[in-house]
Every structure is written in structure tokens, then in C-alpha cells.
Amino acid sequence: MMVDRRGLHIAFVSEHASPLAEFGGPDAGGQNVHVDALARALVAGGDRVTVFTRRDDPRLPDRVHAPGGYDVVHVPAGPPCRIPKDDIYPHVPDLADVLEYEFARDVPDVVHAHFWMSGLAAVLAAHAARVPIPVVVTFHALGIVKRAFLGDADTSPPGRVAIETVVARHAAAVAATCTDEVFTLARMGLPAGRSTVIPCGVDLTAFTGADPTSVNVAPRTRRHRIVSVGRLVPRKGFEVAVRALPDIPDTELLLVGGPADGDVADDPEAHRLDRIAAELGVADRVHLLGKLPREAMPEVLASADLVACVPWYEPFGIVPLEAMASGTPVVATAVGGLTDTVIDGVTGTLVPPRDPAALAGAARALLDDPAQRSRYAAAGRRRVHERYSWARVAAETRHLYIDVVGRQVRPGAADRRTSHG
């Protein structure tokens, strides 16, 4: 098809995760990084990408041309302020209405929705379009899995699982981020062949060859250093790392993530972790750094002897890839996408979730064995370079786009679809 050679016009929908948001804050994490990096890689390959995200600040312009070469459209859907992502659901119809208007004005070849609410809005808008527009969905997390792990602590709207099932069935394809998600989608009734694994990627340029001696944010205070990175929420497992620390001697723990730069003074989860550390007698070895700039992360990860990624559940997990690219061994929980990215005994060690004793044992074994850490570091770097570069992820994603576009183009629509670029 001519569209393959000339480049696609791709509309991303990412209702709560703007690619322009600061990483590490509330509801700002791996999905934001994914949307930004994938858009950049597709643009670098000759495609045109427009990202539609909810306006969460009245001062934001309607449209921004991002440094990565793609456009970001701030959609009025709900109040123009930051609200928890679960509270966006009532505003999905407004998002869908704007998308319908935008798709009629500048018809994309394919829509790639990120997260379930984006998927719902995209499917509604594409269904109303005057020409077929295929929708690809990346859920990033499935409600049925979140409910299983969080139980009553799950704040998702009650109808999330049912809506995800409908969205998956109406999408042209689902780009799952890990093998475990493909199995879950099959149990939800998605026909075989409608989902495929396309993982997240890692910025190899930024995270390869980082200089650990250049870290200024936290000078080392103990012989060993463990770093854990993520949003400051219970499911990320920071408490597990804190509770493991008494059994890991002469080791400090750096927790990265939270509200505004380094300011965790008013954060309830930070206070809870501080109390636990004090009760365990390790308060002097636990350092909550808050949110750090993305550009600081390569050096922080490279400065660690180990990176602990120990969430209760994790649909994918970018941090292990960044750690491996940085040459730092990983100890991770055997959940979700982490079982794809971390090969137990080869690129890192997998432990059961919510098990401080298992984490402490694995960490001690590695901290006492520099040769094993070096083997993990070398294998991890090879793995991310072979499998998880954003160029490769973008190529696999684009192949999926070409497939779904080819299946949906009608006679007379080919001229419209090949007119871009």
C-alpha cells in the first residue's frame, strides 16, 4: 500500500497521561513516557502523530508542537484542572465528541488509544466517523487485574471491566504490553489473533553509559545502595523495600517518586513510609527523594548496586528496563510484565510480591556477590538493546497499524489515506 511508503497519520488518545507531563507525580508515570517515546519514534520514521489529551490547566494552549516532532491537542473534557484519573470517566462523552469533530476535520489513518477511557472515547468517535478509522488500544493496565490485586482499594469506576471488554471487542487490535495481558484478554473473551504483545521501550541513548559519579541529588551514606522508583502509592511496593532493609546491613534505600521535586512533607504515603522506617530503626537509611527530573534518572539508577522493582502488580514496568540499560542489576516481583522483562537468574532475580524476607534474601545474595551483579548487568544491557529499543517497538507498532489499516480501507478510501506526507 502507498500509505506504508508515504507515512501514516496517527492519532494518539491519552486522556490522563499527557506526554508533556512531569514524570513521577500523581497519575504521571510509565504511560506518559510510553506515549512520548513512541510518538517520537514514529515521527522519526516518517509518520505524523497527533496526541489528544485532556486539558488539566486553563493556561495550556489548544495545540502544542512538542520537541519530539508531534502535536499535542489539549481537549476540553471536564474541569480544566488536575483531577484523579478515575474521576475522568464521567467526562469521556465530552472527549469523544471533540475527537469526532477532530477526526472529521483531519482524518487519521489509525487511532491508537492509551488506557481504557481513551479506548472508549476513541471507539465512540471512530464509530461515528464518515469513513472507517481503525482503532488500536493499549490498555496499560486491565481493570480485572487491578481489582484482583487491590480488592477494596481499587478506586476504578464500577463498570470498568465491562467497558474494557466492549472496547477490546470493538477495537481493530489490542497491543498488549506483556504476555500475561494476552492471556487475561483471552479469558475476557477476546478472540485469538486480536491481541499481540508489543512491549514498552527504553531510551538507550539516555540510559546507556550513565556516569554514577555525577549524581548530586543524594551522596552515598552506606556501603551499598538500593534504588526504587515509581509513583508514591502503596501498590508500587515501597513499603516492602523499607521492611526488607533491616535484614540488609550497611545499605541505604533511595525512594524516587512523589509530589513536586523532593517535597514529600505533605504526602500521606511518604509519612506512612517514614513511620514504618522509624519503627524498624532504619530511618537514617531510608531517603525519600520525591519526584526527580527525568534527566537525573540515568545517573540515579547507575549509582545503585541494585534496583528494586517490587510492586504488588505491574502491567509492564519501564524502570527495570532503564535499570538494565544503565547496567544495574534488578530484583523484581514476579508479577505482570516484570516476568517478561526480567529473566530470572539471567538479567535479574524475581521474588514473590509483598514478601520483604524474600526481597532481603535476594538483595543480600547479590550485594555479597559482585561477580553475579556484573553478569546480570551485562545480560541486562544485551537484552534491552536486542529487544526494547524504541526504534524496534515503533517498527512493531507500525506493522500493526499497517495491518489494521489494510483490513479497513474501502474502495475509494485509499486515495484519502495515501494523501498524507
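No experiment lies behind these values; they were computed from the predicted model shown.

**Student:** Before we go on, may I ask you to explain the overall build of the chain in this structure?
**Tutor:** When helices and strands are counted, the chain shows 17 helices and 14 strands. Whereas a compact globule of 421 residues would reach a radius of gyration of roughly 22 Å, the chain reaches 21 Å, a difference of no more than 12%. Seen along its three principal axes, the alpha-carbon backbone of the chain occupies a region of about 70 × 40 × 40 Å. Per-residue burial for the chain yields a buried fraction of 58% across its 421 residues. Expressed as a percentage of contacts within the chain between residues at least 6 apart in sequence, the contacts between residues at least 24 apart total 71%. With an accessible surface of roughly 16800 Å², the chain has 54% of that area assigned to carbon and sulfur atoms.

**Student:** Honestly, the pairing of strand β4 (residues 71-75) in this entry has me stumped. Any pointers?
**Tutor:** Strand residues, when the strand is regular, have side chains that alternate between the two faces of the sheet. Within β4, 4 of the 5 residues are buried, which leaves it mostly tucked inside the rest of the structure. Where strand β2 (residues 48-54) and β4 come together, 5 bridges link them in parallel fashion. Considered in β4, the bridge of T50 is made with D71. Of the pairings in the sheet, the one linking strand β3 (residues 63-65) to β4 comprises 3 bridges and is antiparallel in character. Following the sheet pairing, H65 is matched in β4 by D71. Here β3 folds back onto β4, and the loop between the two strands holds 5 residues, one of which, G69, carries a positive phi near 95°.

**Student:** I would appreciate a short explanation of the confidence of the model for the chain in the present structure.
**Tutor:** The predicted coordinates of low-pLDDT regions are not to be read in fine detail. Residues of the chain with pLDDT of at least 70 account for 91%, and the chain-wide mean is 90. Of the regions scoring below 50 in pLDDT, residues 410-421 engages in 26 contacts with residues more than four places distant in sequence or in other chains.

**Student:** When you look at the sheet that holds strand β5 (residues 110-114) in this model, what are you seeing that I'm missing?
**Tutor:** What links the strands of a sheet is backbone hydrogen bonding, and the strands pair in either a parallel or an antiparallel sense. Overall, mixed pairing links the 8 strands, which are arranged β3-β4-β2-β1-β5-β6-β7-β8 in an open sheet. Here the strands that pair on one side only, and so sit at the sheet edges, are β3 and β8 (195-197). In this sheet, adjacent strand axes meet at a mean angle of 20° when their direction is disregarded.

**Student:** Honestly, the nonpolar core in this entry has me stumped. Any pointers?
**Tutor:** Considering soluble globular proteins, one finds that nonpolar side chains tend to be buried as a cluster. One finds F12 and Y401 to be the most contacted residues of the largest nonpolar core, which totals 61 residues. The dominant element in this core, judged by the number of residues it contributes, is helix α16 (residues 390-408), at 8 residues. Beyond its immediate chain neighbours, meaning those up to four positions away, Y401 contacts L8, I10, F12, L38, L42, V110, H112 and V136. One finds L95, V107, M117 and W312 within the second-largest nonpolar core, a separate group that totals 44 residues.

**Student:** It is not clear to me how helix α10 (residues 268-280) should be interpreted in this structure. Could you clarify?
**Tutor:** Across its 13 residues, α10 extends 19 Å between first and last C-alpha, which sits within 8% of the 18 Å expected from 1.5 Å per residue. Listed in full, the buried residues belonging to α10 are E269, A270, L273, I276 and A277. With its buried residues spanning 125° around the axis, α10 presents them on a single face. Residues of α10 that are exposed and point more than 90 degrees away from the buried face comprise P268 and E279.

**Student:** It is not clear to me how the environment of V282 should be interpreted in this structure. Could you clarify?
**Tutor:** Its location among the elements puts V282 in the loop between α10 and β11 (286-290). When the C-alpha atoms of V282 and G69 are compared, they prove to be 46 Å apart, with 213 residues separating the residues in sequence. Discounting residues that sit within four places of it in the chain, V282 has contacts with V242, L245, P246 and A277.

**Student:** What am I meant to see in the side chain of T347 here?
**Tutor:** Structurally, T347 can be placed in the loop between α13 (338-341) and β14 (348-351). With a relative accessible area of 1%, T347 lands in the buried category.

**Student:** Which parts of the structure should I look at to understand the pattern of salt bridges?
**Tutor:** For side chains of opposite charge, pairing can occur when their charged atoms come near one another. Considering all chains together, one arrives at 20 salt bridges under this definition. The partner of D71 in a salt bridge is R63, and the shortest N-O contact between them spans 3.4 Å. Residue D154 is joined to K146 by a salt bridge in which the shortest nitrogen-to-oxygen separation is 3.9 Å. Relative accessible area serves as the criterion here: at 8%, K146 is assigned to the buried category. Salt bridges sharing partners connect three or more residues here, namely E239, R243, E269 and R272.

**Student:** Looking at this structure, how should I read the packing of aromatic side chains?
**Tutor:** For any pair of aromatic rings, the description rests on two quantities: the centre-to-centre distance and the angle between the ring planes. For the structure shown, the criterion picks out 4 aromatic pairs. Consider the rings of F52 and F103, whose centres lie 6.0 Å apart with planes at 80°: the pair is edge-to-face. Pair noted here: F52 is in strand β2 and F103 is in helix α3 (residues 92-105), with a separation of 51 residues, a long-range link. Assigned by exposure class, F52 and F103 land together as buried. The lysine or arginine in question, R387, covers the ring of Y388, its NZ or CZ lying 5.7 Å from the ring centre.

**Student:** What should I look at first to understand unusual backbone geometry in this one?
**Tutor:** Although it is not a glycine, D250 sits at a positive phi angle of roughly 50°. For D250, the position within the fold is in the loop between α9 (238-244) and β10 (251-256). Judged by relative accessible area, D250 falls into the partly exposed class, the value being 38%. In the Ramachandran plot, R354 falls in the positive-phi region, its phi being about 55° despite a non-glycine side chain.

Basis of the calculations
- Residues numbered from 1 in each chain as written.
- Predicted model: local features only at pLDDT ≥ 70, side-chain atom pairs only at ≥ 80, totals over all residues.
- Heavy atoms only, no water.
- Helix = DSSP H or I, 4+ residues; strand = E, 2+ residues; numbered from the N terminus.
- Rg over C-alpha atoms; globule rule 2.2 N^0.38 Å.
- Buried < 20%, exposed > 50% of the residue type's maximum accessible area, 1.4 Å probe, protein only.
- Contact = heavy atoms within 4.5 Å.
- Areas by Shrake-Rupley, 256 points an atom, 1.4 Å probe, with all protein chains shown as cover.
- Pairing = 2+ DSSP bridges.
- pLDDT = per-residue confidence, 0-100.
- Axes fitted to C-alpha atoms, helices over the stretch in contact; angles between N-to-C directions.
- Core = buried A, V, L, I, M, F, W, Y, C linked by side-chain atoms within 4.5 Å.
- Expected span 1.5 Å × (residues − 1).
- Arc of directions from axis to C-beta.
- Salt bridge = Lys/Arg side-chain N within 4 Å of Asp/Glu carboxyl O.
- Phe/Tyr/Trp six-rings, centres within 6.5 Å; stacked < 30°, edge-to-face > 60°.
- Lys NZ or Arg CZ within 6 Å of the ring centre and 35° of its normal.

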